[in-house]
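Now for the letters of each chain:
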Amino acid sequence: LLDAFGQLLSEKSFEEITVQDVTDRATVNRATFYAHFQDKYVLAEESMREWVQRALRKNFPPGAAFTSENLQLLIQTLCEFLAQMHTHCAPSNRKQFDSVLEQEVKQQVYEILLGWLKQDRAGRAAAEPQLELQATMTSWAIYGAAGRWSNGDRKESAQQFARNALPFIMQSMELPSIKAAAPKLRRG
């Protein structure tokens, strides 16, 4: 069903795709569809989740270590994935799926980053909420950078772009000093 839906998205707009189209392409009956998905919107969300996970699993098996090379590969992988999604989906589908895709990408990247941060900080004092915030902010930065590249003119390869973005993203992966004082706000 997921593959059939993906094939249909490259051919017609989401609005034009019916449950019957999906079941015909997948060669299953409607009852099978509804046994797995409430409607085509749930199918779309699940498809996005699966596509993001598949792209990331290809390069990042469970337990992959936090290294600058892996972080660069993560940025590059997302650039290539987002470019592929923009090429694969019919033009009328892109804007409709951007928010769902963005949410799925950020969540999957967050989980990878949080795992890396926990692994890297094992035995050192770092509060869980701080690591979660750091993973959230970094996942958003990576998504934003990859999105900029995939929607831009792509004058440089995804690999070169990732290499150029790496120093900025690497800075966000460092834990701020615990002793750093919060800035004082002036009231006036």
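Residues numbered from 1 in each chain as written. Predicted model: local features only at pLDDT ≥ 70, side-chain atom pairs only at ≥ 80, totals over all residues. Heavy atoms only, no water.

(A) Representation of the overall build of the protein within the structure. In terms of helices and strands, the protein carries eight helices and zero strands. For the protein, the N- to C-terminal ordering of α and β elements is α-α-α-α-α-α-α-α. Put simply, the protein has 188 residues, and 41% of those count as buried. Of the contacts formed within the protein by residues at least 6 apart in sequence, a portion of 70% connects residues at least 24 apart. Split by element, the accessible area of the protein, about 11000 Å² in all, is 52% carbon and sulfur. (Helix = DSSP H or I, 4+ residues; strand = E, 2+ residues; numbered from the N terminus. Buried < 20%, exposed > 50% of the residue type's maximum accessible area, 1.4 Å probe, protein only. Contact = heavy atoms within 4.5 Å. Areas by Shrake-Rupley, 256 points an atom, 1.4 Å probe, with all protein chains shown as cover.)

(B) Geometry of the environment of Leu-114. Within the secondary structure, Leu-114 is located in helix H6 (residues 91-120). Here Leu-114 falls in the buried class, since its relative accessible area comes to 10%. The sequence separation of Leu-114 and Ser-139 amounts to 25 residues, and the corresponding C-alpha distance is 9.5 Å. The residues contacting Leu-114, other than those within four sequence positions of it, are Leu-131, Glu-132 and Ala-135.

(C) Quick look at the pattern of salt bridges. Throughout the structure, instances matching the rule amount to nine salt bridges. With a closest N to O distance of 2.8 Å, Glu-46 and Arg-49 form a salt bridge. With Glu-46 and Arg-49 both in helix H4 (residues 40-59) and three residues apart, the pair spans about one turn of that helix. By relative accessible area, which is 28% here, Glu-46 ends up partly exposed. Arg-49 sits in the partly exposed class, given a relative accessible area of 26%. The partner of Asp-153 in a salt bridge is Lys-155, and the shortest N-O contact between them spans 3.7 Å. Across this residue pair, the class does not change: Asp-153 and Lys-155 are exposed. (Salt bridge = Lys/Arg side-chain N within 4 Å of Asp/Glu carboxyl O.)

(D) Unusual backbone geometry, seen in detail. Non-glycine residue Thr-27 carries a positive phi angle of around 55°. Residue placement: Thr-27 occurs in the loop between helix H2 (19-26) and helix H3 (30-36). The class of Thr-27 is exposed, set by a relative accessible area of 69%. Within the chain, Arg-154 stands out as a residue other than glycine whose phi angle is a positive 50°. Structurally, Arg-154 can be placed in the loop between helix H7 (128-151) and helix H8 (158-172).

(E) Layout of the packing of aromatic side chains. With the rule as written, the count across this model stands at six aromatic pairs. With a centroid separation of 5.1 Å and an interplanar angle of 85°, the aromatic rings of Phe-33 and Tyr-34 are classed as edge-to-face. Accessibility expressed as a relative area gives 0% for Phe-33, which makes it buried. Aromatic rings pair up to connect Phe-5, Phe-14 and Tyr-41 into one cluster. For the cation-ring pair, Lys-40 lies above Phe-14, with the distance from its terminal atom to the ring centre recorded as 4.4 Å. A cation over an aromatic ring shows up here: Arg-154 above the ring of Trp-149, its NZ or CZ 5.3 Å from the ring centre. (Phe/Tyr/Trp six-rings, centres within 6.5 Å; stacked < 30°, edge-to-face > 60°. Lys NZ or Arg CZ within 6 Å of the ring centre and 35° of its normal.)

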